[in-house]
Amino acid sequence: AGRAAGGVTEAEEHVEGERAAARARAASDEHARSTMQAVSVFESYQKARQTFAQSVADMASRPQNIEVLQNAGVMQLLRPLLLDNVPSIQQTAALALGRLANYSDDLAEAVVSNEILPQLVYSLSEQNRFYKKAAAFVLRSVAKHSPELAHAVVDAGALESLCNCLEEFDPSVKEAAAWAIGYIAGHTSELATAIVDSGAVPLLILCIQEPELSLKRICASALSDICKHSPELAQAVVDCGAVPYLSPLIKHPDAKLKRQACGALAQIAKHSVDLAEMVVEAEILPDILPCLQDDDLYVQKNAATCIREVAKHTPELARLIINAGGAAALVDYVANSKGNIRLPGIMALGYISAFSETLALAVIKSKGIEPLKDALIHEPEDHIKAAAAWSLGQVGRHTPEHAQEVAEADVLRRLLAV
């Protein structure tokens, strides 16, 4: 009886155990369903955020959508996504903001007024390379519109973060940062000074030595934007050793890079005799002369501008250009070009001729009077006609023989007819 009773007890215990196990499995299944449901909700929310950010970024690339997005309050909706815990959503939100800010100064001002810049600057130092590239794009898109907006970018503490980006391994991050720095520097002397003080110039020069073409171009352009404002800023760039790295680029096969290199050297040379001599000492002559016949019109114009900025300072610098074959090259350039790109060549011939009768005679012997006369007659714009008239005056003013050369080319009658 005891064994039977014991057997019943064991059976009951077994049944109870089965029931407990079933209840545990049911509870576990319920927990799993709840977990899956919660995960599904969060996944749906994440997917919705990603879809929203991507859709706005796509729409912002088409001008006809901008006003609709602006009226819908898109800035306030994108702002929290910059701090999203999903990196791809952060990047897409930053890209959308950049495209919006790039469109107009009103939208760029909206980025500033919504206090988005401090978030971007903070994230620049924290996030991955894809986000850094997108954030630098936003900073550039805001800064490009006006000095006031560029000041807002600087005041948000962007320069330190942008300089750090110039030291990144990824060339596209360096490129995005250099582009933003160039836009900031281009506005005013004060902003360019802030760029120099941030330590960006040596980093831009290092980037010029990188193999990527687009990075070289943008860094050369940024250096040009810094140099253009004042002798002090140009001197700061020269003191960092920029000229020896810019001058070889005038022989580079890439036309866009040659444009930027010639432009930067022109912006350095224009300020003073010392700076012009630094450019010449970097052996740009005669290497820059073939650029006057380049297939790219902007290479031609920037090269002629560089020669003009060197020639205008002293007779010695003008003579160096003549001795390198510059008179014939400039005459060909003026003869074969039309419109505004002709202007720097016309003025270069005038500057060279102004210094001495010998230099003026070199221009005459290179048959320089005829293309100057052609510009005087046929160019429709008054400022080009004025430059041609001035240059012809510099050619003819030294001696009766010089004046006779000008008179025999029928220039005097043409001057009176203007």
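Above this note sits the structure.
The residue numbers shown here count from 1 along each chain, following its written sequence. The predicted nature of this model means local features are confined to residues of pLDDT at least 70 and side-chain atom pairs, given and counted, to a pLDDT of 80 or more, with totals for whole chains, interfaces and linings taken over all residues. The side-chain quantities take in all heavy atoms of the structure and omit both hydrogens and water.

Novice: Could you give an account of the overall build of the protein, naming the residues involved and the relevant values?
Specialist: Strands are runs of DSSP state E lasting at least two residues, helices are runs of H or I lasting at least four, and both sets are numbered from the N terminus onward. Regarding its fold elements, the protein presents 26 helices and 0 strands. Taking 22 Å as the expected radius of gyration for a compact globule of 418 residues, we find that the protein reaches 34 Å, considerably beyond that expectation. Dimensions along the principal axes, computed over C-alpha positions, put the protein at roughly 150 × 40 × 35 Å. Only protein chains enter the accessibility calculation, which uses a 1.4 Å probe. A residue is then buried if its area is under 20% of the maximum for its type, exposed if over 50%, and partly exposed in between. Per-residue burial for the protein yields a buried fraction of 48% across its 418 residues. Whether two residues are in contact is decided by their heavy atoms: any pair within 4.5 Å suffices. Considering only residue pairs separated by 6 or more positions, the protein has 70% of its internal contacts joining residues 24 or more positions apart. Accessible area of the protein: about 19700 Å², with a carbon and sulfur share of 53%. Charge separation in the protein, taken as the distance between the mean sites of 37 positive and 52 negative side-chain charges, equals 6 Å. In this description the radius of gyration comes from C-alpha coordinates, and the expected globular size is given by 2.2 Å times residues to the power 0.38. Areas reported as accessible are Shrake-Rupley estimates using a 1.4 Å probe. Residue values count occlusion only from the protein chains shown. Residues scored as positive are Lys and Arg, those scored as negative are Asp and Glu, and His as well as the terminal groups of each chain are ignored. Taken as the charge centre is NZ of Lys, CZ of Arg, CG of Asp or CD of Glu, depending on the residue.

Novice: Give a description of a negative patch on the surface that names residues and reports values.
Specialist: Like-charged residues are merged into a patch within 9 Å and nonpolar side chains (Val, Leu, Ile, Met, Phe, Trp, Tyr) within 5 Å, provided each residue has over 30% relative accessible area and no salt bridge. Each salt bridge in this description consists of a side-chain nitrogen of Lys or Arg and a carboxyl oxygen of Asp or Glu lying within 4 Å of one another. Among the surface-exposed residues, Asp-105, Asp-106, Glu-109 and Glu-148 lie close enough to one another that they form a single negatively charged patch. Of all the elements, helix H5 (residues 105-113) adds the most residues to the negative patch, at 3 residues.

Novice: Hey, could you go over the side chain of Arg-308 for me, with residue numbers and the actual values?
Specialist: Looking at the secondary structure, you find Arg-308 in helix H18 (residues 297-311). Here a polar contact is recorded for every N or O atom pair within 3.5 Å, except that within protein the pair must consist of a potential hydrogen donor and a potential acceptor, and residues adjacent in sequence are included only if both atoms are side-chain atoms. Here the side chain of Arg-308 touches Glu-309 through a polar contact of 2.9 Å, side chain to side chain. With residues up to four places along the chain from it excluded, the contact list for Arg-308 reads Pro-344, Met-347, Ala-348 and Tyr-351.

Novice: Can you break down the side chain of Glu-379 residue by residue, with the values?
Specialist: Position of Glu-379 among the secondary structure elements: in the loop between helix H23 (369-378) and helix H24 (382-396). The class of Glu-379 is buried, set by a relative accessible area of 4%. Setting aside anything within four residues of it in sequence, one finds Glu-379 in contact with Lys-338, Gly-339, Arg-342, Asp-374, Ile-384 and Lys-385.

Novice: Provide a residue-level description of the packing of aromatic side chains, including the pertinent values.
Specialist: Pairs were defined over the aromatic rings of Phe, Tyr and Trp, the Trp ring being its six-membered one, requiring ring centres within 6.5 Å. Orientation was assigned from the angle between planes: stacked under 30 degrees, edge-to-face over 60, tilted for the rest. Under the defined criterion, the tally for this structure stands at 1 aromatic pair. Between Tyr-351 and Trp-390, the ring centres sit 5.3 Å apart and the planes meet at 70 degrees, which makes this aromatic pair edge-to-face. Of this pair, Tyr-351 sits in helix H21 (residues 343-355) while Trp-390 is found in helix H24, placing the two residues 39 residues apart along the sequence. Sitting above the plane of the Tyr-45 ring, Arg-49 keeps its charged end 4.4 Å from the centroid. Put simply, a charge is over a ring when the Lys NZ or the Arg CZ is close to the ring centre, within 6 Å, and near the line of the ring normal, within 35 degrees. Sitting over the face of the ring of Trp-179, Arg-140 holds its NZ or CZ atom 3.8 Å from the ring centroid.

Novice: For helix H20 (residues 326-336), give the residues involved together with the corresponding values.
Specialist: Every buried residue belonging to H20 is among Gly-326, Ala-327, Ala-329, Leu-330, Val-331, Tyr-333 and Val-334, and all of these are buried. Each element contacted by the buried residues of H20 is listed here: H18, helix H19 (315-323), H21, helix H22 (357-365) and H23.

Novice: Which residues make up helix H12 (residues 200-208), and what are the values?
Specialist: Of all 9 residues in H12, 7 are buried; the element is thus mostly enclosed. The set of residues buried in H12 consists of Ala-200, Val-201, Leu-203, Leu-204, Ile-205, Cys-207 and Ile-208. Buried positions along H12 lie against helix H9 (158-166), helix H10 (171-187), helix H11 (189-197), helix H13 (213-227), helix H14 (231-239) and helix H15 (243-246).

Novice: A description of the pattern of salt bridges should follow, citing residues and the corresponding values.
Specialist: Taken as a whole and judged by the stated rule, the model has 16 salt bridges. For Asp-294, the salt bridge is made with Lys-258, and the minimal N-O distance between the two is 2.6 Å. Of this pair, Asp-294 sits in the loop between helix H17 (273-281) and H18 while Lys-258 sits in helix H16 (residues 255-269), placing them 36 residues apart in sequence. Residue classification places Lys-258 among the buried residues on the basis of a relative accessible area of 10%. Several salt bridges share partner residues, and in doing so they unite Lys-338, Arg-342, Asp-374 and Glu-379 into one network.

Novice: Which residues make up the packing of H5 against helix H7 (residues 129-143), and what values do they have?
Specialist: The axes are straight lines fitted to the C-alpha atoms, using for helices just the contacting stretch, and the angles between their N-to-C directions are given from 0 to 180°. Between H5 and H7, the least distance of the axes is 9 Å, while the angle of their chain directions is 120 degrees. On the basis of their axis angle, the class for H5 and H7 is oblique. Crossing geometry of H5 relative to H7 is assigned as left-handed. On H7, the residues touching Ala-108, Val-111 and Val-112 of H5 are Val-138, Ser-141 and Val-142. Residues are grouped as follows: Ala, Val, Leu, Ile, Met, Phe, Trp, Tyr, Cys and Pro are nonpolar; Asp, Glu, Lys and Arg are charged; all remaining types, including Gly, are polar. Residue composition of the contact of H5 with H7, grouped by class: 5 nonpolar, 1 polar and no charged. Between 65 and 115 degrees an angle is taken as roughly perpendicular, under 35 as roughly parallel, over 145 as roughly antiparallel, and anywhere else as oblique. Definitions for this section: a left-handed crossing has its near helix turned counterclockwise from the far helix by less than a right angle. A right-handed crossing has that turn clockwise.

Novice: Help me get a handle on the nonpolar core, residues and values and all.
Specialist: What makes a nonpolar core is a set of buried Ala, Val, Leu, Ile, Met, Phe, Trp, Tyr and Cys residues whose side-chain atoms join them at distances within 4.5 Å. Leu-162 and Ile-288 are the most contacted members of the largest nonpolar core, which totals 140 residues. Contacts of Ile-288, omitting those with residues within four sequence positions, involve Ile-250, Cys-262, Ala-303, Cys-306 and Ile-307.

Novice: Describe the packing of H10 against H11, naming the residues involved and giving the relevant values.
Specialist: At a closest axis distance of 5 Å, the pairing of H10 and H11 adopts a crossing angle of 140 degrees. Compared by their axis directions, H10 and H11 come out oblique. Where H10 approaches H11, its residues Ile-181, Ile-184, Ala-185 and His-187 are matched on the opposing element by Leu-191, Ala-192 and Ile-195.

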